[in-house]
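Below, each chain spelled out in residue letters.
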Amino acid sequence: MKSYDSLGFGPADILIPVDTVDHTKWSVVACDQYTSEPQYWSNVDLVVGTQPSTLRIILPEIYLDEGKLDGQIESISRHMQEYLDAGLLRTLENSFIYVERTLRSGKIRRGLVGAVDLEKYDFDPEKKNLVRATEGTVVDRLPPRVRIRRGAPLEVPHAMLLMDDVADGVLGPLRENKDLFEKVYDFPLMQDAGRLKGYCIPAAQAEGIRRALEAMLDPDLQAEKYGEASVHPLLFAVGDGNHSLAAAKKCWEAVRENLSPEEAASHPARYALCELVNVHDESLAFEPIHRVVFGCSPQKLLAAVKVYFPESFEGRGDGQRIGYVTEETEGVITIPNAPSELVVGTLQRFLDDYAKAKPIRIDYIHGEDVVRALARQEDTVGFLLPSMGKSELFTSIVNHGVLPRKTFSMGEACDKRFYLECRKIVR
């Protein structure tokens, strides 16, 4: 990966399941999806049964609060080692994987699986690293993820990096020439989530990838795109999986403390596997992440919104508009002179302060239909948020810093990255 050091993203020794493994049962959706829908994960468990699966080496977040973390971590590490010992994974040495993901809609999202250098990434909004978070990181959410990764023999990623590749110089040539490379998987995803194809791109045949990434770092191009703030170049922004990547960063910093500079330069924990996607991909839609508040009095909560924002009023008008739905009603609250540039930032500010005084639970939901279904429960309020345009994402990050947490989602829950590839993270 040395020739990619300045880029922060390069090839890796990638592990994929051998052909005798049922890939459909092996691959499950990102752990931070369907967090208020236990039936989804129960169905996944039934589909997988006793077959090898990434379900056994990840922890769906819906189960995080069950008080069984120690046992769950032990089970995850044990299954990882069992899969390695049983020869269920084969190594694609020093390679990328070009990915084509057919979404439920039929559109195809294209990506490149490789390793990000955690020395080039930081989730601190004050840092101007080459690889940055797009949204605020909730540090309190990191400890369970750190504990799962710490000491685990493998990582299995759902993080997706975005690049601002207007010319399509990275993925375009791969799309046109994919048939020149070995197809290493091609199978339907469970739960009607589309299809996944992957082509191995050995580093020796990936010179075009490196050149295209270097071109995006050209100072003149960066200045043209982002203005004066481009003195701190931005090459990649974390679109999905920021908390998992942040946990990997914390683990690496702990490992690094006991290494010499020579050891730290090539230690596998310094890197994290992820998929690189062009923000301009036509299939890539930025969907809003809605909020659902459980364990509250809907009337009191909505009244508190209007007290918190004294100029706010019921109904549509000039200002930011927040839709809400409860068991009995739905409506819109308009907030003139809102304190945040984005509606999601305004609402989140209120919810964070309200949660300090009230024992409520807030969940972050993809899909308006799911919000409406959940809001039919007693003591529940769903807040419906508008979508955010993706064209100005990089400019906004460069000039204004990270967005409020859980601002957008790259597609619906069913479109999220499915776990498939692995990588060894211990020597």
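Structure first, text after, so check above.
In this text the structure is predicted, and so the values were computed from the model without any measurement. (Residues numbered from 1 in each chain as written. Predicted model: local features only at pLDDT ≥ 70, side-chain atom pairs only at ≥ 80, totals over all residues. Heavy atoms only, no water.)

## Re the overall build of the chain
- Across its full length, the chain carries 13 helices and 20 strands.
- Relative to the 2.2 N^0.38 estimate, which gives 22 Å for 427 residues, the radius of gyration of the chain is 22 Å and therefore close to what a compact globule would have.
- Each principal axis of the C-alpha distribution contributes one length, and for the chain these read about 60 × 55 × 45 Å.
- Pairs at least 24 residues apart make up 77% of the contacts formed inside the chain by residues separated by at least 6 positions. (Helix = DSSP H or I, 4+ residues; strand = E, 2+ residues; numbered from the N terminus. Rg over C-alpha atoms; globule rule 2.2 N^0.38 Å. Contact = heavy atoms within 4.5 Å.)

## Details of unusual backbone geometry
- The backbone of Q191 shows a phi angle near 60°, a positive value even though the residue is not glycine.
- Relative to the helices and strands, Q191 is located in the loop between β9 (182-188) and β10 (195-202).
- Judged by relative accessible area, which is 26%, Q191 ranks as partly exposed.
- In this model, D192 sits at a positive phi of 55°, which is unusual for a non-glycine residue.
- When you line up the elements, D192 lands in the loop between β9 and β10.
- You can call D192 exposed: its relative accessible area is 58%. (Buried < 20%, exposed > 50% of the residue type's maximum accessible area, 1.4 Å probe, protein only.)

## Points about the environment of S266
- In this structure, S266 sits in helix α9 (residues 261-266).
- Of the residues examined, S266 reaches a relative accessible area of 47% and is grouped as partly exposed.

## Quick look at the environment of V426
- Within the secondary structure, V426 is located in the segment after β20 (423-424).
- V426 sits 372 residues away from T54 along the chain, and the two C-alpha atoms are 19 Å apart.

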